[in-house]
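Listed below are the residues making up each chain.
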Amino acid sequence: MTIKLIAIDMDDTLLNSELAISERNFAAVSAAQAKGVVVAIATGRMFSSALPYAKQLAMQAPIITYNGALIRHPQTQATLFHQTIEDEAAAKVRQLFKERGWYLQAYVNDQLYVKERGWEAKSYEALAGITSIALGDDFFAQTQAPTKMLAMAEAKLLTEIEATVNEALGGRIFTATSKPTYLELTHPDVNKGRALALLGEHLGVARDEIMAIGDSNNDYAMLEYAGLGVAMGNASARVKGVAQFVTGDNDASGVAQAIERFVLA
């Protein structure tokens, strides 16, 4: 198998616990690119949050962001694909979260909107390296279609939230956990697997020439689609179950281990 495209998740995959790219990961990605292999980020993060890392690694490929809802080029800012949540479904989500008092944030035109900048918003800001915009109660009256929405809660409540959203929206929203306390909400046609297929087609790379590396449930479809799916050592059991190979964890430069084994060897 000759790998021509590598798609890499960011949080808990490419990035270590300090939210940094290790020297070994940096060297492996750089060596793969020097060999002519295309390396792309595939993340649940917003484009503006992923862009600095793509630039740090001198990536030339479009970035898969918002779990596949937006694919945009890091240099030209040209948009390859963008699928927002339908207006009616987004309004229903806002109403549901307002009634239940659950935390929700929304991403519109690559800006992050919240009701207020409480601890949830501030913790996310610290992770993503961005600043949210607080709207007060007007947050629930937004009319612009969001690219993604994100719920944050402790794991048990998050399970309840996901079940409630799926029951209320009847397939009009796709839900996936990216961290134990994060629930991502996108258009039902959006996931990293479909985005990776679009990117591969755009680049002229066949499915069996693609390697995908990830750790969370929002990476499942991407690993399932790729010719070679690689799960991190810290991945969920579900993700490990669909992968062809399990590498080291994100604090052991598992991304580099996989690239060294399947691309650079």
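Below, the structure is looked at part by part. Computed from a predicted structure; not experimentally measured.

1. As for the overall build of the protein chain
What the protein chain contains, in helices and strands, is 10 helices and 14 strands. Its C-alpha atoms give the protein chain a radius of gyration of 18 Å, within 12% of the compact-globule value 18 Å for 265 residues. The dimensions of the protein chain, computed from C-alpha atoms along their principal axes, are 55 × 40 × 30 Å. Taken over 265 residues, the protein chain has a buried fraction of 55%. For the protein chain, contacts bridging at least 24 residues in sequence account for 57% of all contacts bridging at least 6. Total accessible area on the protein chain is roughly 10900 Å²; 48% of this is exposed by carbon and sulfur atoms.

2. Re the side chain of asparagine 191
Relative to the elements of secondary structure, asparagine 191 occurs in the loop between strand S11 (182-186) and helix H7 (192-203). Asparagine 191 gets classed as buried once you look at its relative accessible area, which sits at 13%. Polar side-chain contacts of asparagine 191 include one of 2.9 Å to the backbone nitrogen of glycine 193. Polar side-chain contacts of asparagine 191 include one of 2.8 Å to the backbone nitrogen of arginine 194.

3. Topic: unusual backbone geometry
Here the phi dihedral of aspartate 12 falls at roughly 65 degrees; this positive angle occurs in a residue that is not glycine. Along the polypeptide, aspartate 12 turns up in helix H1 (residues 10-14). With a phi close to 55 degrees, serine 253 is a non-glycine residue in the positive phi region. Within the secondary structure, serine 253 sits in the loop between strand S14 (245-246) and helix H10 (254-264).

4. Section: the pairing of strand S5 (residues 79-82)
Where strand S4 (residues 70-72) meets S5, 3 bridges bridge the pair, whose relative direction is antiparallel. Counterpart to arginine 72 in the pairing with S5 is threonine 79.

5. Considerations on the packing of aromatic side chains
Per the counting criterion, the structure on display carries 6 aromatic pairs. Between tyrosine 66 and tyrosine 107, the ring centres sit 5.5 Å apart and the planes meet at 75 degrees, which makes this aromatic pair edge-to-face. Here the residue tyrosine 66 occupies a position in the loop between strand S3 (63-65) and S4, and tyrosine 107 occupies one in strand S6 (residues 104-108), the gap between them amounting to 41 residues. Judged by relative accessible area, tyrosine 107 falls into the buried class, the value being 0%. Summarising the aromatic geometry, the rings of tyrosine 124 and tyrosine 182 are spaced 5.9 Å apart at their centres and angled 45 degrees between planes, so their arrangement reads as tilted. Placement of tyrosine 124 in helix H5 (residues 119-128) and of tyrosine 182 in strand S11 is noted, with a sequence separation of 58 residues between them. One aromatic cluster in this structure is built from Tyr66, Tyr107, Tyr124 and Tyr182. The ring of tyrosine 107 carries lysine 148 above its face, with NZ or CZ at 4.7 Å from the centroid. Of note, arginine 238 hangs over the ring of tyrosine 220, and the distance from its end group to the ring centre comes to 3.8 Å.

6. Focus: the sheet that holds S5
Judged by pairing direction, the sheet is antiparallel, and its 3 strands sit side by side in the order S3-S4-S5 without closing on themselves. The strands lining the two open edges of the sheet, one partner per strand, are S3 and S5. Averaged over all neighbouring strand pairs, the angle between strand axes comes to 10 degrees, with direction disregarded. In terms of strand pairing, S3 meets S4 through 3 bridges, oriented antiparallel. Considered in S4, the bridge of isoleucine 63 is made with arginine 72. In this fold helix H3 (residues 47-56) packs onto S3 and S4, with an angle of close to 150 degrees to the strand it touches most, S3.

7. What about helix H2 (residues 23-34)?
Taking 1.5 Å per residue as the helical rise, H2 with its 12 residues ought to reach 16 Å, and the 16 Å between its terminal C-alpha atoms agrees with that figure. Buried within H2 are the following residues: Asn25, Ala28, Val29 and Ala32. One side of H2 holds all its buried residues, which, seen down the axis, span an arc of 95 degrees. Opposite the buried face of H2, by more than 90 degrees, sit the exposed residues Glu23 and Ala34. Considering only its buried residues, H2 is in contact with strand S1 (5-8), H1, strand S2 (38-41) and H10. Immediately beyond the C-terminal end of H2, within one or two residues, lies glycine 36, with a positive phi of roughly 100 degrees.

8. Looking at the nonpolar core
Core analysis: the biggest nonpolar cluster contains 71 residues, and Ile6, Ile8, Tyr124, Leu196, Met211, Ile213 and Ile259 have the highest contact counts within it. Contact partners of isoleucine 6, with chain neighbours within four places excluded, come to Ala32, Val37, Val38, Val39, Ala40, Met211, Ile213, Ile259 and Val263. Counting 23 residues, the second-largest nonpolar core is a separate cluster that includes Ile85, Tyr113, Ala151 and Val165.

Cut-offs applied
Residues numbered from 1 in each chain as written. Predicted model: local features only at pLDDT ≥ 70, side-chain atom pairs only at ≥ 80, totals over all residues. Heavy atoms only, no water. Helix = DSSP H or I, 4+ residues; strand = E, 2+ residues; numbered from the N terminus. Rg over C-alpha atoms; globule rule 2.2 N^0.38 Å. Buried < 20%, exposed > 50% of the residue type's maximum accessible area, 1.4 Å probe, protein only. Contact = heavy atoms within 4.5 Å. Areas by Shrake-Rupley, 256 points an atom, 1.4 Å probe, with all protein chains shown as cover. Polar contact = N/O pair within 3.5 Å; in protein donor to acceptor, adjacent residues only side chain to side chain. Pairing = 2+ DSSP bridges. Phe/Tyr/Trp six-rings, centres within 6.5 Å; stacked < 30°, edge-to-face > 60°. Lys NZ or Arg CZ within 6 Å of the ring centre and 35° of its normal. Axes fitted to C-alpha atoms, helices over the stretch in contact; angles between N-to-C directions. Expected span 1.5 Å × (residues − 1). Arc of directions from axis to C-beta. Core = buried A, V, L, I, M, F, W, Y, C linked by side-chain atoms within 4.5 Å.

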